[in-house]
Structure formats: structure tokens, C-alpha cells
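Residue-level structural notes
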Amino acid sequence: MPSEGYVGVDLGSVSAKVVRLDSGGRIVYSAYERHFGQPLQKAAEMLKGLPPGERVVVTGSAGKLLASITGAPLINEVIALAAASAKYHPGVNTVVEMGGQDSKLLVLDTGRLKDFSMNSACAAGTGSFLDQQADRLNIDIENEFGQLALKSENPPRIAGRCSVFAKSDMIHLQQLAAPDYDIVAGLCFAVARNFKSSIGRGKKMVPPVMFAGGVAANAGMVRAFREVLELTESGFTVSEHFKFLPAAGAALTAM
């Protein structure tokens, strides 16, 4: 008997996310993997083990190519993110999402998308920006960076709008023998300030604000956003499904 599930694929610049929903919209399966520049191969690999008869829906910056090859419907990333936010976090008023090369701000009104803004094509101030700087410092971005940043009591000011300026500031701090935890904390605050002044410019971020996207796994970024946006712990929360919201939202939209 064919399955009645819906599968959402979020194919981004850094990773592939696959989510399967049951007929009630509940997430019954999720998978996340970095694709290291091979998004189509990784997506095909991750979809292999799913039951036959699933309806696959695609979103994400690399999703257009996958959709054109497979014939699967393509859902806009903002629409997908808004749909999932309303479904799984109905009380949220503002969504901050940060991935490898995309950053978004969504303003919701009783679950409906009221306004949004996104970053430009530049990767400065996104997950890739943090990846690059962590690599320079020889710090594991996924397992070490965020916790290291929490050790800093007075994060130094680092330029967040451009990776070239950030590198200059980092070199200067290293010459001053600043500890690594201060430098990585400074980078987190630089990204948060850049988001507020560029993507958040002119937007009212009404709490509760929810953090989503792969960068939400970074505890240093969570702290930086809370302080830069001047929010309490209850006012700025991390989504339970922070990696998978656009993928789930794509499937929900199809449903």
C-alpha cells in the first residue's frame, strides 16, 4: 500500500535537510547532513531509504536545480519557514533564521506572514562567515566554537559586515594576545549586530523571537542575539526544530 507521507527537502548552500511528515503534519523523521559542495548527490543519498509513494517537495537555495531534475514542486524559502513557524510555534511573533549563506527576518501576525527581509548575496554575517573565521582559528565550529564563546566576559568589538575587516580585527586581537574565547565571542556579537543593523533595520522585532537555522546550534550566537536585541531568555528562544523548519514548511505547504 503506498505511503501517505509528505517529504520536505531543504537543500541549502552548506547542508541538506530532509523531513517526513505524517498526514497530520507531525514530524516523524528528520535528517541533516553537510553536502560539501555536492547538494544533488547528498539529497539523492538521503532520499533513498524513504518509503515509496511519498510526495516530495523542495525548498532552499540549491533546491531549484533538484526540483527541475526531479519534477518535485519548489516552495519559496520564506513561505516554507513561515508555514512551519506558524504550525510548530504558534505564539511566536518574530523569526530570526541564519544558515550557511542566508539570513532572514520574518514578522508574523497570529501565524500569518506580515513582513520579511533577507540578506544580500554576501556571506558576511552568516554561518559561512563564522565557518571561515573558526577555520582560521583552528576551532571546530560545530562542537567547540559556541561553548568557547560563552567563556568570554567582555567580548571585543570586531567588524561583522565584511570578512576582510573581521580578519584584520582578529589579527590585531591576536597580536594583543587576546584569548581565543574573547575573539570567538566578539565574532558572535559582530554577526548579531550586523543582523540587527542590516536585515533588522526598520523592523520591529516583537517578542517572543524565535531563532532557527543551522547557526541556532551555536550557543555563542544565542547569547549574542539575546544581548544585542536586549531580550530575556523567554523572549528569545531556539526552535525545537531549528534545523528543519523550512523543510517541514515545504511539506506543510504541499499538504
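No experiment lies behind these values; they were computed from the predicted model shown. (Residues numbered from 1 in each chain as written. Predicted model: local features only at pLDDT ≥ 70, side-chain atom pairs only at ≥ 80, totals over all residues. Heavy atoms only, no water.)

Thoughts on helix H9 (residues 245–254)
Keep this limit in mind: Accessible area is worked out with a 1.4 Å probe on protein chains only. A residue is then buried under 20% of its type maximum, exposed over 50%, and partly exposed in between. Here a helix means four or more residues in a row that DSSP labels H or I, a strand means two or more in a row labelled E, and each is numbered from the N terminus.
The buried fraction of H9 amounts to 9 of the 10 residues, a majority that puts the element mostly inside the structure. Taken residue by residue, H9 has Leu245, Pro246, Ala247, Ala248, Gly249, Ala250, Ala251, Leu252 and Ala254 as its buried positions.

Considerations on the pairing of strand E8 (residues 209–212)
Convention followed: A clockwise course of the path from the first strand over the helix to the second, judged with the strands pointing away from the viewer, identifies a crossover as right-handed.
Neither face of E8 is exposed, since Val209 and Phe211 on one face and Met210 and Ala212 on the opposite face are all buried. Following the backbone out of E8, through helix H8 (residues 219–228) and into the adjacent parallel strand E9 (residues 236–238), one traces a crossover that is right-handed.

Some details on the environment of leucine 137
Basically, it comes down to this: Residues are treated as being in contact if the distance between any of their heavy atoms lies within 4.5 Å.
Residue placement: leucine 137 occurs in helix H4 (residues 127–137). For the pair leucine 137 and aspartate 169, spaced 32 residues apart in the sequence, the C-alpha separation amounts to 13 Å. Ignoring sequence-local partners within four residues, the contact set of leucine 137 consists of Met170, Gln174, Asp180, Ile183, Val184 and Leu187.

Concerning the sheet that holds strand E4 (residues 55–59)
Our working rule: Here, a strand pair is defined by DSSP locating no fewer than two bridges between the strands. The angle between two axes is taken between their N-to-C directions and runs from 0 to 180 degrees, where each axis is a line fitted to C-alpha atoms and a helix contributes only its stretch in contact.
Spatially, E3-E2-E1-E4 is the arrangement adopted by the 4 strands of the open sheet, whose pairing is mixed. Looking along the sheet, the strands with just one partner apiece sit at the ends: strand E3 (27–34) and E4. Between one strand axis and the next, the sheet turns by 15 degrees as a mean value, whatever way the strands run. When strand E2 (residues 15–21) meets E3, the two strands line up antiparallel, connected through 7 bridges.

Considering the pairing of strand E1 (residues 6–11)
With respect to burial, E1 is a largely interior element, 5 of its 6 residues being buried. Bridging between E1 and E2 involves 6 bridges; their strand directions are antiparallel. Paired with valine 7 across the bridge in E2 is arginine 20. The turn joining E1 and E2, which pair antiparallel and follow one another in sequence, is formed by 3 residues.

A closer look at the sheet that holds E8
Taken in spatial order, the 5 strands make up an open sheet running E7-E6-E5-E8-E9, and their pairing is mixed. Among the strands making up the open sheet, the edge pair consists of strand E7 (112–118) and E9. In this sheet, adjacent strand axes meet at a mean angle of 20 degrees when their direction is disregarded. Strand direction decides the pairing type here: strand E5 (residues 94–98) and strand E6 (residues 103–109), joined by 5 bridges, are antiparallel. What sits directly across from methionine 98, in E6, is serine 103. Along the sheet, H8 makes contact with E5, E8 and E9, crossing E9 at roughly 160 degrees.

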